[in-house]
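Inside the fold
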Amino acid sequence: MVLQAISGPVLPLPNESAEMMKRRVGIFGGTFDPVHSGHIEAVHSFLESGLIDEVWVMLTPDPPHKRHRSKHTPYKHRLRMLELAFSETERVKICTLERELPQPSYTLQTLQHLTTTYPDTRFFLCLGEDSVSSFHTWHRYRDILSDFSLMAVKRPGSDAVEAEDEVLEKTIFLEHKPVDISSTAIRQNGSDMEQMVPDTVAAYMEEHELYT
Ligand code: ATP
């Protein structure tokens, strides 16, 4: 018997097809002290890119690059404000994993932990432009680049041309309308900046006398 050659579309190799079946999750980490419309619009752009299925917002208790700051607002308040800000947004989860992991919260450690815990998921790192520019200062950033893709949104006052070429090569810049706001500005100007956070977050800030 002569076996006929099989023609048709080239099928992905077993490993490739396993990769393609995986859920895709973007990790968007920060201090969120407090969460603001810049973060919220960034999350929408990450989701609308079509590159990922979900965004997990990772609340960092003590980020290595912000250790110069004397004190952050207590974790429970930052967490509650994040929950309020995203309570109506589908495909977004608030993640407290970094509170359980050893400190300081190195992103590589977090991504490796997640990859081991969720073998059916491919993780991406979601960033604002300022974080892309300073990415080469992050702990073992080359190891992050070799195992994970970065997706980023533009941010006023930052310029990704300052980023290292090796970082830019691994970063996808998404369609995004930039929002000119920072948590620092809210901490400094308190209730004057209320319009830059959702009403529920503004009410929480007032009730707990945060950033007054
Ligand atoms: P701070 O003013 O305290 O430094 P921040 O406003 O930069 O805070 P973070 O919690 O440090 O907020 O940021 C978490 C992530 O959100 C980072 O990737 C940062 O680049 C991104 N980000 C923050 N603000 C914006 C913004 N306005 N537009 C786009 N990305 C932003």
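The protein chain carries the name Probable nicotinate-nucleotide adenylyltransferase in an unreviewed UniProt entry, which gives Rhodohalobacter mucosus as its organism. In the Pathway (unreviewed entry) part of its UniProt record, the protein chain is described as follows: "Cofactor biosynthesis; NAD(+) biosynthesis; deamido-NAD(+) from nicotinate D-ribonucleotide: step 1/1."

**Brief notes about the overall build of the protein chain**
Helix and strand content of the protein chain: 10 helices and 6 strands. On the principal axes, the C-alpha backbone points of the protein chain span a range of 85 × 35 × 35 Å. By residue count, 30% of the 212 residues in the protein chain fall in the buried class. Relative to all contacts within the protein chain whose residues are 6 or more apart in sequence, the contacts with residues 24 or more apart total 73%.

**Points about the nonpolar core**
Within the largest apolar cluster, 41 residues are counted, with the highest numbers of intra-cluster contacts made by Ile27, Val55, Val57 and Cys126. Those elements that place two or more of their residues in this core are strand 1 (23–30), helix 2 (37–48), strand 2 (54–59), helix 3 (75–86), strand 4 (121–128), helix 7 (141–147), strand 5 (149–153) and helix 10 (199–207). If sequence neighbours within four positions are ignored, Ile27 has contacts with Trp56, Met58, Leu111, Phe123, Leu125 and Cys126.

**Details of the site of the ligand**
Taken together, 18 residues sit near the ligand, with Gly30, Gly38, Gly128, Ser183 and Thr184 positioned nearest. Elements that contribute at least two residues to the shell around the ligand include exactly helix 2, strand 4, helix 6 (129–133) and helix 9 (183–189). In terms of residue count, the dominant contributor to the shell around the ligand is helix 2 (3 residues). For the shell around the ligand, the per-class residue count stands at 6 nonpolar, 9 polar and 3 charged.

**Regarding the pairing of strand 2**
Burial analysis of strand 2 places 5 of its 6 residues in the buried class, the great majority of the element. Sheet topology places strand 1 next to strand 2; 6 bridges connect them, and they run parallel. Bridge pairing in strand 2 links Val25 to Glu54. Read from strand 1 through helix 2 to strand 2, the crossover connection turns out right-handed.

**Side note on unusual backbone geometry**
Put simply, Asp33 and Pro34 share a cis peptide bond, and its omega is 0 degrees. Within the element layout of this structure, Pro34 appears in the loop between strand 1 and helix 2. Phi at Arg91 takes a positive value of approximately 70 degrees, unusual for a residue other than glycine. Residues other than glycine seldom take positive phi values, yet Glu209 does so here, at roughly 50 degrees. Relative to the helices and strands, Glu209 resides in the segment after helix 10. The exposure class of Glu209 is exposed, given the 8 C-beta atoms found within 10 Å.

Criteria and cut-off values
Residues numbered from 1 in each chain as written. Predicted model: local features only at pLDDT ≥ 70, side-chain atom pairs only at ≥ 80, totals over all residues. UniProt positions renumbered as here; feature names shortened; annotations may be inferred. Helix = DSSP H or I, 4+ residues; strand = E, 2+ residues; numbered from the N terminus. Buried ≥ 20, exposed ≤ 12 C-beta atoms within 10 Å, placed from the backbone. Contact = placed C-beta atoms within 7 Å. Core = buried A, V, L, I, M, F, W, Y, C linked by C-beta atoms within 7 Å. Near = placed C-beta within 6 Å. Nonpolar A, V, L, I, M, F, W, Y, C, P; charged D, E, K, R; others polar. Pairing = 2+ DSSP bridges. Right-handed = clockwise from strand over helix to strand, strands pointing away.

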